[in-house]
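# Observations on the three-dimensional arrangement
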Amino acid sequence: MARLARQIERWYSIPLLLLVWQAAVSSGLVESRLLPGLGRVAAALLRDTSAGVLPYHTAITLARAAAGFALAACLGVPFAAAMARSALIRNLFEPIFFFGYPVPKIALFPVFTYVFGIGSPSKIAFAFLECLYPIVVTAYLGFRAIPIRLIWSAENMGAPRRTIVGRVIVPAAMPGIFNGLRIALPIAIVVIVLTEMIGDSRGLGYYIAISGTRFEFANVYAAILVIGACGFVLDRGLLRLRRAVVHWERDADAR
Amino acid sequence: MRIPTAVQHWIVPIVVVAAWEGFGRAGMMPRYLPAPTLIVGALYEVAADGELARALATSLYRVALGFVLGTGAGTLVGLGAGTVPGIRHFFDPLVSFLYAVPKIAFLPVFLLLFGLGHESKIALIAFSCFFPVFIASRHAVLAVDKHLIWTAHNMGAARAATFFRVIVPAAAPQLFAGARIGLAHAFILLFAAELMGARGGIGPLISEGEDAGRFDLMFAGIVTFAVLGFLGDRILMAIRGLVLRGQMIGTLEQAVR
């Protein structure tokens, strides 16, 4: 009973907001073309889901986001480790990452469309670039923040180099790595949807843009719901993975 | 022989720009990558006829107002959510659902709601800034060392005094971290909103250059936009440095900045 009350307390605002939404539409307070009733959004969601339109565009968007994110993670984390390890690599690339971090890279997207074409490659490459920065910078800070005492202790106890890397350095850097991944994941989705809105004929971004220009706002909201659900599920999945990998961490912050 | 660190920092950028210039002059670069000197020439061209200043003023107005509104609202609500459980429980589910939604997806709605002028862009930028700033502020308050708060209570500090004199200063570094993420969001939204239907601003400068096949003009816009975002971040960090005079000393972030 008490648990139920706590669950209600923690989640009531979503149904409440939907209720206010529906009430505003039903009472005619807002123009229903701009804010279609929940019934119409649900109908649009159901119709385009069963017709396969939404699943099709969602699959394309997610596949692109996953490709860019995975590329950035697979290249970014080892690169961050190399930067933390080697003074030369650090001196060569640290300014690029730390000075380039606040530069809005979105401005380069038009160039990407020329280099990689307007289809998937330019979007994946751009998502890669946008994800690479938070992943490298956060993982790099994670590697550098490892207390040197941990490494000395392992050396003192006669651990060989490989054991130190595998059992001390990598685990100690894991929280930092996961922080970066968690920052990068929504960025990947956002960047893909955004670039699809700028110019494509597939993907959820295209679906939103075309529905918006046709004034089919029920479809826009349906797509927003789908993106929100995808982002939420993926973020929770990443948190689960983090808890499984960094199982020694009992950090309230990580929730 | 060892190359000084300061020189090493500049090797990669200089090599890239020099190679770009060299290959560009030799005609070995594609047409859409004009040589850096040509880009500088185009920058001078738009700066000379006042077009750059007009575009800059328009974009700056949109991004600054949107950022201030969104960051202000996000900080206030986030501080509230961190302090009052009721506010926290109301906003948490909404934010965690909407956070991963690209706010640009609301562009059609905002265009209809606020019109094609400045207002729709400003509202969208503010809307987008709100979420990361809210999350950072909320976490910052909850992460404040409880001993500090207990000590203040023990010494008889009123709730308001505890909030303004203990919680807000202790949370301040995280508040700036949130504002920094918000600023990055603001520039992304500014670019996307300007590219997808706006009159005036740096976005149209870029797309007009592209449409006319003047890639040097396109790059002039891109460089301006990049510099603007970079300077915005520097200014924010300078403000942080002033506000947090003592708090940054010895942190890793300061060391590597």
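No experiment lies behind these values; they were computed from the predicted model shown.

### Things to note about the overall build of chain A
In terms of helices and strands, chain A carries 11 helices and zero strands. Going from N to C terminus, chain A has its helices and strands arranged as α-α-α-α-α-α-α-α-α-α-α. Looking at chain A as a whole, 38% of its 255 residues are labelled buried. Pairs at least 24 residues apart make up 72% of the contacts formed inside chain A by residues separated by at least 6 positions.

### A closer look at the overall build of chain B
Summing up its helical and strand segments, chain B has 11 helices and zero strands in all. Starting at the N terminus, the α and β elements of chain B follow one another as α-α-α-α-α-α-α-α-α-α-α. Buried positions account for 37% of the 257 residues belonging to chain B. A separation threshold of at least 6 residues defines the contact pool for chain B, and within that pool the share at least 24 residues apart is 73%.

### Some remarks on the packing of helix H3 (residues 51–83) of chain B against helix H6 (residues 118–142) of chain B
Residue and element names in this part refer to chain B. Across the interface, H3 lies against H6 with an axial gap of 6 Å and an inter-helix angle of 30°. Taken together, H3 and H6 sit at an angle that is classed as roughly parallel. With respect to the hand of their crossing, H3 and H6 are arranged in right-handed fashion. Its residues assigned to classes, the contact of H3 with H6 comprises 21 nonpolar, 11 polar and three charged.

### As for the confidence of the model for chain B
Chain-level statistics for chain B give a pLDDT mean of 87 and a share of 95% at 70 or above. Per-element averaging of pLDDT across chain B places helix H11 (residues 252–256) of chain B at the bottom with 48 and H3(B) at the top with 94.

### Remarks on the interface of chain A and chain B
If you look at the interface, chain A gives 44 residues, while chain B gives 45 residues. Considering every element that reaches the side of chain A that touches chain B, the biggest residue donor is helix H11 (residues 217–245) of chain A, with nine residues. Residue composition of the side of chain A that touches chain B, by class: 34 nonpolar, five polar and five charged.

### Focus: helix H2 (residues 36–48) of chain B
Helical geometry note: an α-helix holds 3.6 residues per turn, so side chains three or four residues apart project in the same direction. All names here are of chain B. Helix length check: H2, at 13 residues, gives a terminal C-alpha distance of 18 Å against a target of 18 Å (1.5 Å per residue), a fit within 8%. Listed in full, the buried residues belonging to H2 are Ile39, Ala42 and Val46. Projected down its long axis, H2 carries its buried residues within an arc of 60°, all on one side. For H2, exposure combined with an orientation more than 90 degrees from the buried face picks out Tyr44 and Ala48. Buried residues along H2 sit in contact with H3 and helix H10 (215–243). Of the residues flanking the end of H2, it is glycine 50, one or two places downstream, whose phi is positive at about 80°.

### Digging into the environment of Ser59(B)
Residue and element names in this part refer to chain B. Looking at where serine 59 falls in the secondary structure, it is placed in helix H3. With 141 residues separating them along the chain, serine 59 and glycine 200 place their C-alpha atoms 7.8 Å apart. Those residues within four positions of serine 59 in sequence are excluded, and the remaining contacts are Leu190, Glu194, Gly201 and Ile202.

### Quick notes on the packing of helix H10 (residues 204–213) of chain A against H11(A)
Residues and elements named next belong to chain A. At a closest axis distance of 8 Å, the pairing of H10 and H11 adopts a crossing angle of 160°. Accordingly, the angle class assigned to the pair H10 and H11 is roughly antiparallel. As H10 runs across H11, the sense of the crossing is left-handed. Mapping the contact onto sequence places Leu204, Tyr207, Ile208, Ser211 and Gly212 in H10 and Asn219, Val220, Ala223, Val226 and Ile227 in H11.

### Here's the deal with unusual backbone geometry
With a phi angle near 60°, Phe215(A) is a residue other than glycine that sits in the positive phi range. Along the polypeptide, Phe215(A) turns up in the loop between H10 and H11.

### A look at the environment of Trp21(A)
Residues and elements named next belong to chain A. Looking at the secondary structure, you find tryptophan 21 in helix H2 (residues 13–26). Sequence-wise, tryptophan 21 and leucine 35 are 14 residues apart; in three dimensions their C-alpha atoms are separated by 8.2 Å. What tryptophan 21 contacts, discounting residues up to four positions off in sequence, is Leu35 and Leu38.

### Remarks on the confidence of the model for chain A
Averaged over all residues, the pLDDT of chain A is 88; the fraction at 70 or higher stands at 96%. Within chain A, the element-level pLDDT minimum falls on helix H1 (residues 2–11) of chain A, averaging 82, and the maximum on helix H4 (residues 53–85) of chain A, averaging 94.

### Thoughts on the environment of Ile125(B)
Residue and element names in this part refer to chain B. Position of isoleucine 125 among the secondary structure elements: in helix H6. Distance in space between the C-alpha atoms of isoleucine 125 and isoleucine 104 is 8.9 Å, their sequence separation being 21 residues. Residues within four places of isoleucine 125 in sequence aside, it is in contact with Arg62, Val63, Gly66, Phe67, Gly70, Ala186, Leu189 and Leu190.

Calculation criteria
- Residues numbered from 1 in each chain as written.
- Chains lettered and ligands numbered in written order.
- Predicted model: local features only at pLDDT ≥ 70, side-chain atom pairs only at ≥ 80, totals over all residues.
- Helix = DSSP H or I, 4+ residues; strand = E, 2+ residues; numbered from the N terminus.
- Buried ≥ 20, exposed ≤ 12 C-beta atoms within 10 Å, placed from the backbone.
- Contact = placed C-beta atoms within 7 Å.
- Axes fitted to C-alpha atoms, helices over the stretch in contact; angles between N-to-C directions.
- Parallel < 35°, antiparallel > 145°, perpendicular 65-115°, else oblique.
- Left-handed = near helix turned anticlockwise from the far one by under 90°.
- Nonpolar A, V, L, I, M, F, W, Y, C, P; charged D, E, K, R; others polar.
- pLDDT = per-residue confidence, 0-100.
- Expected span 1.5 Å × (residues − 1).
- Arc of directions from axis to C-beta.

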